[in-house]
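Chain by chain, the residues:
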Amino acid sequence: MGSTPESSIGFRITALAKDIDALYNDVSQDETFRKELFGVIQGAMAKVESPMETIWRMIMSPHASSALMVMIRSGVLTNLVAAGKPKTSKELAESTGASETLIVRMMRPLTALGIFYEADVYTYEATPISRLLTAPPLFGGYQFMFDLAARSLTNMPRFLERTGFKHVDGPPGPFQDSNNTEDLMFPYLMKHPDMMSNFNAFMAGSLETRPDWFQKFDAQSIILDGANKDDPDAVLLVDVAGGEGHDVEAFKKEFPNAPGRLVLQDLPPVIDNIKQLDAAILRQKHDMFDEQPVKGSRAYYMRNIFHDWPNERCVDIMKRIADAMTKGYSKLIIFEWILAARDVPLYPALLDVNMMALLNGRERTKQEWTELLEAAGLKVSKFHMIGPEEEGLIEAELA
Ligand SMILES: Nc1ncnc2c1ncn2[C@@H]1O[C@H](CSCC[C@H]([NH3+])C(=O)O)[C@@H](O)[C@H]1O
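Throughout this description, residue numbers start from 1 for each chain and increase along the sequence as written. Totals for whole chains, interfaces and linings use every residue, but because this is a predicted model, local features are given only for residues with pLDDT of at least 70 and side-chain atom pairs only at 80 or more, for both listing and counting. The side-chain quantities take in all heavy atoms of the structure and omit both hydrogens and water.

Enquirer: Help me understand the sheet that holds strand S3 (residues 123-126) in this model?
Expert: One key point about sheets: their strands pair by backbone hydrogen bonds, in either a parallel or an antiparallel sense. Criterion used throughout: strands pair if DSSP finds at least two bridges between them. Per the convention used, a helix needs a DSSP run of H or I reaching at least four residues, while a strand needs a run of E reaching at least two, with both numbered from the N terminus. The strand order across the open sheet built from three strands is S1-S3-S2, with neighbouring strands paired in antiparallel fashion. Of all strands in the sheet, those with a lone pairing partner are strand S1 (87-88) and strand S2 (116-120), marking the two edges. Pairing analysis gives two bridges linking S1 to S3, with the strands arranged antiparallel. Counterpart to lysine 87 in the pairing with S3 is tyrosine 124.

Enquirer: Help me understand the UniProt feature "active site" (unreviewed entry) in the protein in this model?
Expert: UniProt positions are given in the numbering used here, feature names are shortened, and annotations may be inferred rather than shown by experiment. Mapped onto the present numbering, the UniProt feature "active site" (unreviewed entry) falls at His307. Here histidine 307 is to be found in the loop between strand S7 (299-303) and helix H17 (311-324). Contact between two residues is taken to exist if any of their heavy atoms lie within 4.5 Å; hydrogens are not considered. Here histidine 307 is in contact with Glu336, Met355, Gly361, Arg362, Glu363 and Arg364, once residues within four sequence places are set aside.

Enquirer: What is the right way to read the site of the ligand from this model?
Expert: Ala241, His246, Asp266, Met288 and Arg303 are the nearest of the 17 residues found near the ligand. Aspartate 266 places a polar side-chain atom, nitrogen or oxygen, 2.7 Å from an oxygen atom of the ligand. Whenever two N or O atoms come within 3.5 Å, that pair is a polar contact, provided that in protein one can donate a hydrogen and the other can accept it, and provided that, for residues adjacent in sequence, both atoms are side-chain atoms. Contacts to the ligand include aspartate 287, whose side-chain N or O atom sits 3.1 Å from a nitrogen atom. Here the open area of atoms and residues is found with the Shrake-Rupley method and a 1.4 Å probe, where only the protein chains shown may cover a residue. For the ligand, whose accessible area on its own is 570 Å², the fraction buried by protein is 87%. Think of it this way: one heavy atom of a residue within 4 Å of a molecule or strand is enough to make that residue near it.

Enquirer: Before we go on, may I ask you to explain the UniProt feature "domain: O-methyltransferase C-terminal" (unreviewed entry) in the protein in this structure?
Expert: As recorded in UniProt, the sites labelled "domain: O-methyltransferase C-terminal" (unreviewed entry) are residues 236-378. Segment residues 236-378 splits into 36% helix and 22% strand. End C-alpha atoms: 19 Å apart.

Enquirer: Any chance you could explain the packing of aromatic side chains here in plain terms?
Expert: The geometry of an aromatic ring pair is captured by the separation of the ring centres together with the interplanar angle, meaning the angle of the planes. Any Phe, Tyr or Trp ring, taking Trp's six-membered ring, that has another such ring centre within 6.5 Å forms a pair; planes under 30 degrees apart are called stacked, those over 60 apart edge-to-face, and the others tilted. What the rule picks out here adds up to 14 aromatic pairs. Summarising the aromatic geometry, the rings of tryptophan 213 and phenylalanine 214 are spaced 6.3 Å apart at their centres and angled 75° between planes, so their arrangement reads as edge-to-face. Judged by relative accessible area, which is 2%, tryptophan 213 ranks as buried. Accessibility here uses a 1.4 Å probe with only protein chains present; expressed as a share of the type maximum, an area under 20% marks a residue as buried, one over 50% as exposed, and anything in between as partly exposed. Note on phenylalanine 214: relative accessible area 10%, which makes it buried. A centroid spacing of 5.8 Å and a plane angle of 70° characterise the contact between phenylalanine 214 and phenylalanine 251, whose relative ring orientation is edge-to-face. With phenylalanine 214 in helix H13 (residues 213-216) and phenylalanine 251 in helix H15 (residues 246-254), this pair connects stretches of sequence that are 37 residues apart. Considered together, phenylalanine 214 and phenylalanine 251 belong to a single accessibility category, that of buried residues. A positively charged side chain is recorded as over a ring if its NZ (Lys) or CZ (Arg) lies within 6 Å of the ring centre. The angle to the ring normal must also be within 35 degrees. Note that arginine 298 overlies the ring of tyrosine 329, its terminal NZ or CZ placed 5.2 Å from the centroid.

Enquirer: Sorry if this is basic, but what is going on with the sheet that holds strand S12 (residues 392-398) here?
Expert: The strand order across the open sheet built from seven strands is S6-S5-S4-S7-S8-S12-S11, with neighbouring strands paired in mixed fashion. The open sheet terminates on both sides in strands that have one partner only, identified here as strand S6 (281-285) and strand S11 (378-384). With strand direction ignored, the average angle separating the axes of adjacent strands in the sheet is 20°. Contacts from H15 reach strand S4 (235-240), strand S5 (261-266), S6 and S7 within the one sheet, and its direction differs from that of S5 by about 170°. Axis lines are fitted to C-alpha atoms, over the contacting stretch for helices. Their N-to-C directions set the angle, which ranges from 0 to 180 degrees. Packed on one face of the sheet, helix H19 (residues 366-375) meets strand S8 (331-336), S11 and S12 and runs near 150° to S11.

Here it is, written out as structure tokens:
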């Protein structure tokens with residue numbers, strides 16, 4: 001076959017770029033298609049990037065994160081977003097007190113990455129990315145992750161080396177080592193109110209985008225069918241360590257006529273901090289390592305709790321619940337990542353490393369969940385899975 005212009009590599013690359021542009025316009029209003037296209041492009045990038053480029057990208061990745069943190073802490077980010085128009089490095093230096101040369105140097109990688117726009121020489125403008133970064137969950141979240149997660153992650157390899165590369169199964173772990181403390185992360189945050197408020201803003205924001213378990217899984221067949229409808233005091237669901245009650249309140253809204261009571265449990269400062277919660281939900285100050293006061297509930301629901309703890313502590317928590325369960329009736333319902341044995345997508349894989357670095361915790365595979373529950377006298381009735389990119393639901397009962 002002779003080579004025609006249409007089959008030349010240069011022609012095909014140009015045609016592909018045009019196709020991607022056209023596709024981008026078509027998918028920009030449709031999140032599902034946009035994600036699908038993004039996945040294809042990411043997959044293609046992984047193939048096309050050379051090994052040297054991959055390594056170099058990893059070596060150079062902390063630099064941009066650090067430059068952005070400088071722009072956040074110095075006030076340049078908020079200043080530029082508030083201005084709503086381009087500003088020179090001189091103007092930014094005057095309004096923030098940061099050195100002009102410092103701003104110019106930090107801005108170089110950030111404009112190259114599209115986080116800010118270089119409107120002219122030494123002149124910058126906010127982009128949709130910079131504007132989104134000033135939203136409280138991301139503004140707090142970025143700083144929390146930079147201050148605590150990044151610090152702990154940077155230090156983690158040397159810490160592990162000192163332990164002879166033992167697995168992290170409890171304190172002292174990377175977090176205690178990098179912060180020179182014996183405190184676990186939550187008590188540490190309580191002593192550092194600025195970091196605590198960044199963390200809280202971060203968590204409150206991530207709630208907006210996360211699905212409720214009953215939107216993804218069939219609550220009717222999992223807990224409502226078969227729930228005690230005769231005893232007005234029977235408890236339908238206890239949200240153990242449920243924070244300020246967002247999940248249990250959403251459940252109440254979805255099933256206003258469900259039989260039985262709803263209970264929210266968390267530590268005293270969290271319960272005391274509740275500003276608004278449906279009055280029908282019972283608030284209970286409870287430490288989950290103590291005896292579970294609600295006996296024989298249809299469901300004990302726990303979201304994003306076990307990944308905060310090493311195995312031994314998880315078994316303690318599970319045993320307290322198992323002791324309160326009624327055989328053949330009560331269920332423990334866990335809403336968390338269920339990792340596959342291989343080909344785990346990047347996000348949950350990184351989250352697992354994150355849990356190690358911050359909390360000596362971990363994300364778990366089916367086998368690890370099974371073993372953990374068995375150690376507490378429970379057994380898995382069913383793993384409800386959606387796909388590798390989404391959290392699953394583990395339904396467990398007394399063994
Ligand atoms: N010992 C403990 N007893 C009860 N709750 C705890 C304990 N330690 C931490 N927590 C709570 O565990 C929660 C972890 S964050 C997860 C909260 C909620 N289930 C959600 O998915 O949004 C926080 O609300 C902590 O206050």
